[in-house]
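# Summary of the model geometry
These are the residues of each chain, in order.
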Amino acid sequence: MNQQTVRAPLHQFSVPLSATRRGARLARLLAAEQLSAWGLPMDPARLVVAELAANAALHGRVPGRSFRLGLTVTAAGVLRIEVTDPRGESVPVRVSAPPEPAESGYGLLLVEESADRWGVPPEPFPCKTVWAELELRHRR
């Protein structure tokens, strides 16, 4: 085996949730419970999950379809948070700041500040996954 062999993750969790405010809240609570069970710090992961799940429930909602929360901890000490929703045509874009003061629109800015990296890989239509990674060894 060469040195770049992919290793299985240390921990994995995935759950479908209703694309509602209640589903987004449940995503945050389930993530906190899972992180606690794995002995990992809850913050800022809890904030990142809350923002990505809220975006999926608000902007990724398709009636009758759910979104999926995924958490993975790699052997390299990285927590990867993924939220997949059925609105592949609605992809978030990076912005440095909201154009003017507003009560909303700060979610991805919070993700940008809290996560070590985040993005949206090209997905087969009609879905999209927004992911964020946290380096755990810097956050204990």
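Preceding this section is the structure that the text describes.
A quick note: this is a predicted structure, and the numbers were derived from the prediction, not measured.

Reading the values: the criteria
- Residues numbered from 1 in each chain as written.
- Predicted model: local features only at pLDDT ≥ 70, side-chain atom pairs only at ≥ 80, totals over all residues.
- Heavy atoms only, no water.
- Helix = DSSP H or I, 4+ residues; strand = E, 2+ residues; numbered from the N terminus.
- Buried < 20%, exposed > 50% of the residue type's maximum accessible area, 1.4 Å probe, protein only.
- Contact = heavy atoms within 4.5 Å.
- Areas by Shrake-Rupley, 256 points an atom, 1.4 Å probe, with all protein chains shown as cover.
- Axes fitted to C-alpha atoms, helices over the stretch in contact; angles between N-to-C directions.
- Parallel < 35°, antiparallel > 145°, perpendicular 65-115°, else oblique.
- Left-handed = near helix turned anticlockwise from the far one by under 90°.
- Nonpolar A, V, L, I, M, F, W, Y, C, P; charged D, E, K, R; others polar.
- Core = buried A, V, L, I, M, F, W, Y, C linked by side-chain atoms within 4.5 Å.

### What to know about the overall build of the protein
Scanning the protein from N- to C-terminus turns up three helices and five strands. Along the protein, helices and strands appear, N-terminal first, in the series β-α-α-β-β-α-β-β. Residue burial in the protein is summarised as follows: out of 140 residues, 39% are buried. Residue pairs in contact within the protein that sit at least 24 positions apart in sequence constitute 65% of those at least 6 positions apart. Accessible area of the protein: about 8600 Å², with a carbon and sulfur share of 53%.

### Details of the packing of helix α1 (residues 21-37) against helix α2 (residues 45-59)
Here α1 crosses α2 at 155 degrees, and the two axes come no closer than 8 Å. Relative to α2, α1 is oriented roughly antiparallel. α2 is crossed by α1, and the crossing has right-handed handedness. Two secondary-structure elements touch here, α1 through R21, A24, A27, R28, A31, A32 and L35 and α2 through A45, R46, V49, A50, A53, A54 and A57. Each residue belonging to the contact of α1 with α2 can be placed in one class, and the counts come to eleven nonpolar, no polar and three charged.

### Quick notes on the nonpolar core
Generally speaking, soluble globular proteins have nonpolar side chains that are buried together. With 32 residues, the main nonpolar core has L52, F67, L69, L71, L79, I81 and V111 as its most contacted residues. Secondary-structure elements contributing two or more residues to this core are β1 (11-18), α1, α2, β2 (66-73), β3 (78-85), α3 (107-114) and β5 (128-135). Looking at this core, the element that brings in the most residues is α2, giving seven residues.

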